[in-house]
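Each chain, written out:
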Amino acid sequence: MDSFKGKVAVVTGGGSGIGRALTLALAREGARVVVADVDEGAMAAVAGEARGHGVDALTVRTDVSDLGQVQALAERAWQAFGVVHVLCNNAGVAAWGGLERATHRDWQWVLGVNLWGVIHGIETFVPRMIAGGEGGHIVNTASMAGLIASQGLGVYNTSKYAVVGLSETLAKDLKPYRIGVSVLCPMGVETRIRESERNRPAALRNEREPAAPAVELIGRYLAPDAVADMVLAAVRRNELYVITHDEGLEPLRRRFERMQQSILQRKKG
Ligand SMILES: NC(=O)c1ccc[n+]([C@@H]2O[C@H](COP(=O)([O-])OP(=O)(O)OC[C@H]3O[C@@H](n4cnc5c(N)ncnc54)[C@H](O)[C@@H]3O)[C@@H](O)[C@H]2O)c1
């Protein structure tokens, strides 16, 4: 995708953090934007800022863990603009704490938003994008936690590893349709992710144990705007991986080396 001018982009979790920055970067580049979030006040504010760039902006309250709501989002987007070129499956939440203590509700909530939210976006938007025949791009927000496992982040790790795997396959599957795929894998970004509990539905709140406090991530915390710029550059170049932090190189290398060692040791006998 050479230019975003006049294109239509849908961003889930567009009310805050990385999603807000993605929405505004796309609007700045001339894209018409659809902001989807559970936080109506936040998404209305972001849509207002997007309009300041002279583009149309629509808000659709959407809980991405609910297939019906994602279907309704697609319906609204096509009704308003007749086409969608860019889908950013970005909405996400984090729960902290060891897997030995994770509750069923932790699994349901985090996988519901982070994994099922992405699946719902794919199953709902991709057939329509293919039918539209204009090509496009899908950006799935995973995390470095989708490539490297950290103690105390197991539920989140599980959801994000799945999003990386899904994205890697999706890139191959959608190539014939001129729909590119990028998977965003940041380390720390200055957002409200550490306050994710604000978005946990009452029905999925833990009855007894409070969630463990958020762990401090290693490496720098980048500004969401810097991350959004990297995403747009990757979409233009049709790059699969958007790995935002140089600090990621060493842990990635160590993980690969451990896998390589497994094969080499076995061959040595
Ligand atoms: N901030 C980081 O350090 C970091 C690092 C790696 C990956 N990520 C990922 O980036 C993405 C964006 O998170 P962020 O850091 O900007 O956090 P954030 O909390 O600032 O923004 C997340 C947005 O998603 C919305 N949201 C939450 N649940 C939702 C649901 N069920 N349906 C629709 N919207 C929902 C929230 O209202 C909020 O506007 C997430 O997928 C997160 O896992 C963040």
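This text goes with the structure placed above it.
The structure contained in this document is the topic of the report that follows. (Residues numbered from 1 in each chain as written. Predicted model: local features only at pLDDT ≥ 70, side-chain atom pairs only at ≥ 80, totals over all residues. Heavy atoms only, no water.)

**Focus on the sheet that holds strand 1 (residues 8–12)**
- The strand order across the open sheet formed by seven strands is 3-2-1-4-5-6-7, and the pairing between neighbours is parallel. Either end of the sheet is taken by a strand with one partner, and the two such strands are strand 3 (57–61) and strand 7 (241–243). Across the sheet, the mean angle separating the axes of adjacent strands is 15° when strand polarity is ignored.
- Note: strand 1 against strand 4 (residues 86–89), three bridges, orientation parallel. Bridge pairing in strand 4 places V11 opposite C88.
- Helix-sheet contacts for helix 5 (residues 116–132) involve strand 1, strand 4, strand 5 (136–141) and strand 6 (179–185), and the interaxial angle to strand 5 is about 180°.
- Contacts from helix 7 (residues 224–237) reach strand 5, strand 6 and strand 7, with the element oriented near 150° to strand 6. (Pairing = 2+ DSSP bridges. Helix = DSSP H or I, 4+ residues; strand = E, 2+ residues; numbered from the N terminus. Axes fitted to C-alpha atoms, helices over the stretch in contact; angles between N-to-C directions. Contact = heavy atoms within 4.5 Å.)

**Quick notes on the pattern of salt bridges**
- Here the structure, examined in full by the defined rule, presents 13 salt bridges.
- R28 is the partner of D229 in a salt bridge, and the nearest nitrogen-oxygen pair spans 3.3 Å. Taken as a pair, D229 in helix 7 and R28 in helix 1 (residues 17–28) lie far apart in primary sequence, 201 residues in all.
- For D229, a relative accessible area of 39% translates into the label partly exposed.
- Overall, R28 belongs to the partly exposed group, its relative accessible area being 46%. (Salt bridge = Lys/Arg side-chain N within 4 Å of Asp/Glu carboxyl O. Buried < 20%, exposed > 50% of the residue type's maximum accessible area, 1.4 Å probe, protein only.)

**Description of the packing of aromatic side chains**
- Per the stated rule, a full pass over the model turns up one aromatic pair.
- For the ring pair W78 and F125, a centre distance of 5.7 Å and an interplane angle of 45° mean the geometry is tilted. Of the two residues, W78 is situated in helix 3 (residues 67–81) and F125 in helix 5; the sequence distance between them amounts to 47 residues.
- When its relative accessible area of 15% is taken as the criterion, W78 is described as buried.
- By relative accessible area, which is 1% here, F125 ends up buried. (Phe/Tyr/Trp six-rings, centres within 6.5 Å; stacked < 30°, edge-to-face > 60°.)

**Topic: the packing of helix 1 against helix 2 (residues 40–51)**
- Packing of helix 1 against helix 2 leaves a shortest axis separation of 9 Å and a crossing angle of 20°. If you check the angle between helix 1 and helix 2, you find them roughly parallel. You can see that helix 1 and helix 2 cross each other, and the crossing is right-handed. Here R20, T23, L24 and A27 of helix 1 come into contact with helix 2, specifically with V46, E49 and A50.
- Residues of the contact of helix 1 with helix 2, tallied by class, amount to four nonpolar, one polar and two charged. (Parallel < 35°, antiparallel > 145°, perpendicular 65-115°, else oblique. Left-handed = near helix turned anticlockwise from the far one by under 90°. Nonpolar A, V, L, I, M, F, W, Y, C, P; charged D, E, K, R; others polar.)

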